[in-house]
Amino acid sequence: MNLNLDVLSKHLRKSICDGIEIISKGVDAYQITTPFFFDDGDGYVIYLKMDDSGFYLTDNGHTIMHLSYWMDISQLTREEGERAQLFNGILKAYQVKYFDGKLIMKLPTNIESIGNYFLAYVQAITKITDIDYLSRERVRRSFLDDLIRFLKDTYGVKARDRWSNPEFDREGTYAVDVRLDLAKVPIYVYAAWSDVRALNVVVSILTHKDWKENFRSLVIHEYVDELSKSTMKKIMDASDKQISAFYGKQQEIRDYIENEIEYMAGT
Amino acid sequence: MNFFLTDLEIDDIIKRPKYYYSDDLQRARWHTQDGHKKRELPLNSDQSISLLKVFWRQNQEDQLDFTVGLAYRFPDTNVDVNLIRCNGNSHSHSNTLEHSRLVQDFHIHRATQRYWEADPLKAENYAERTDRYNEIVGAFRYLCEIAHIGERNHGVRQLDEFKP
């Protein structure tokens, strides 16, 4: 495949936007500069290169290295989990291959379709750089709802969400996220996803104790590593049991609750 | 907790005298992961107990694609913020608020209050071009200069540790 840089430049500018330039960088390697930037203002790095099978786009490993300034990238590339799922989903959706830190997209031979491929490649980089932000926000927003749904699906009407003491707290100021009536002593389940939220959970637990309620408390965290040491101490002192995450630990939560039921039945 | 620093606080952390031990620098081995090399160096300060570190990233495909940064950890958390990053010239840079653009220059990022207020994810968006280094070793040397980072040898550490 012969590459006419002028024709390709004009084609990319016309099909995507002005501000795209192609700069020769050695043998069969061209850097494509674009007006697309990461959150910190640094521009995307995109190269057009050629090997035996034809032309391809690569970021030379810059995108993943750039992400590593803020996040542990093994969460994307090595581990099971939400971020790795998102990463692999983006690669599949945009037909991008991942190899040794590099995002690689093979290009067709006809120059007219390169614009569409280039756009898809830019979109893939954008989506990948959004993973950390998106996954955190998504987890924060849906964590409590997901926890309530999980407990209701598992325990049915014995799981009452946003339960509050009818005698002392009609407005639900100190509401329990989910009250489980599975044994003679109920289990109060709370979701904690931030420092402020964790302190609110501590206040709720201590208030219910102050009202002389007989219960066991279970706090389930997301982003427990963001809690300050002082908050961590308070929640450790106030709660009977904590589990460090919800996503991926549902079986552990079920097992703990079953053990609690057995223990309370035996006492 | 409010993860925010004013310009004065950022300046204070950057200008505060800091040091690393020669042994720690030698122990800071490069690790290769996903197409780049990385390493970290813990910093110390006689004036405070705040957690600071220098971090390096070097792209294995492109010697001019690197960063050497100064990171600060908020007390009692695992939340880090990068206060300075000395970058290579592998890419362009855009200062969003100033509408200015650097075209593949070596450049230095610096966290600022105005970018933090605009978006916490973009605190270190602002960058200026530099001609004070042109490779990663020079970038570390220059970071030490602008962030007031000195070197101490192991003997000094032993004396400090046994001070009454």
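Not measured: the values here are computed from a predicted model.

**Here's the deal with the overall build of chain A**
Here is step 1 of the chain: For chain A, the count of helices and strands is 9 helices and 11 strands.
Here is step 2 of the chain: Against the globule reference of 18 Å for 267 residues, chain A gives a C-alpha radius of gyration of 26 Å, more extended than a compact globule.
Here is step 3 of the chain: For chain A, the C-alpha atoms occupy an extent of roughly 80 × 30 × 30 Å along the three principal directions.
Here is step 4 of the chain: For chain A, the proportion of its 267 residues judged to be buried stands at 33%.
Here is step 5 of the chain: The long-range share in chain A, meaning contacts at least 24 apart out of those at least 6 apart in sequence, stands at 55%.

**What to know about the sheet that holds strand β5 (residues 66-73) of chain B**
Residue and element names in this part refer to chain B.
Here is step 1 of the chain: Spatially, β2-β3-β4-β5-β6-β9-β10 is the arrangement adopted by the 7 strands of the open sheet, whose pairing is antiparallel. The two strands at the open ends of the sheet, each matched to only one other strand, are β2 (31-33) and β10 (127-129). Put simply, the sheet's adjacent strands are angled 25 degrees from each other on average, direction ignored.
Here is step 2 of the chain: Here 3 bridges tie strand β9 (residues 107-110) to β10, and the two strands are oriented antiparallel to one another.

**Things to note about the sheet that holds strand β1 (residues 21-24) of chain A**
Residues and elements named next belong to chain A.
Here is step 1 of the chain: What the 6 strands build is an open sheet, ordered β1-β2-β3-β4-β6-β5; its pairing is antiparallel. Of all the strands in the sheet, the pair left with one neighbour each is β1 and β5 (97-99). Between one strand axis and the next, the sheet turns through 30 degrees on average, direction left out of account.
Here is step 2 of the chain: Sheet topology places strand β3 (residues 47-51) next to strand β4 (residues 54-58); 5 bridges connect them, and they run antiparallel. Within β4, the residue paired with D51 across the bridge is G54.
Here is step 3 of the chain: Helix α5 (residues 114-129) contacts β4 and β6 (102-106) of the sheet and is inclined by roughly 160 degrees relative to β6.

**What about the domain arrangement of chain A?**
Here is step 1 of the chain: Segmentation of chain A into domains returns domain 1 (5-129) and domain 2 (140-266).
Here is step 2 of the chain: Computed from C-alpha atoms alone, the centre-to-centre distance between domain 1 of chain A and domain 2 of chain A is 44 Å.

**A word on the packing of helix α7 (residues 195-210) of chain A against helix α8 (residues 229-238) of chain A**
Residue and element names in this part refer to chain A.
Here is step 1 of the chain: Contact geometry of α7 with α8 gives a least axis separation of 9 Å together with a crossing angle of 30 degrees. Between α7 and α8, the interaxial angle falls into the category roughly parallel. The two elements α7 and α8 cross, and the hand of that crossing is left-handed. Counted together, D195, A198, L199, V201, V202, I205 and L206 of α7 and T231, K234, I235 and A238 of α8 form the full contact between these two elements.
Here is step 2 of the chain: Across the contact of α7 with α8, the residue classes break down as 8 nonpolar, 1 polar and 2 charged.

Rules of the game
Residues numbered from 1 in each chain as written. Chains lettered and ligands numbered in written order. Predicted model: local features only at pLDDT ≥ 70, side-chain atom pairs only at ≥ 80, totals over all residues. Helix = DSSP H or I, 4+ residues; strand = E, 2+ residues; numbered from the N terminus. Rg over C-alpha atoms; globule rule 2.2 N^0.38 Å. Buried ≥ 20, exposed ≤ 12 C-beta atoms within 10 Å, placed from the backbone. Contact = placed C-beta atoms within 7 Å. Pairing = 2+ DSSP bridges. Axes fitted to C-alpha atoms, helices over the stretch in contact; angles between N-to-C directions. Domains from an automatic or database assignment. Parallel < 35°, antiparallel > 145°, perpendicular 65-115°, else oblique. Left-handed = near helix turned anticlockwise from the far one by under 90°. Nonpolar A, V, L, I, M, F, W, Y, C, P; charged D, E, K, R; others polar.

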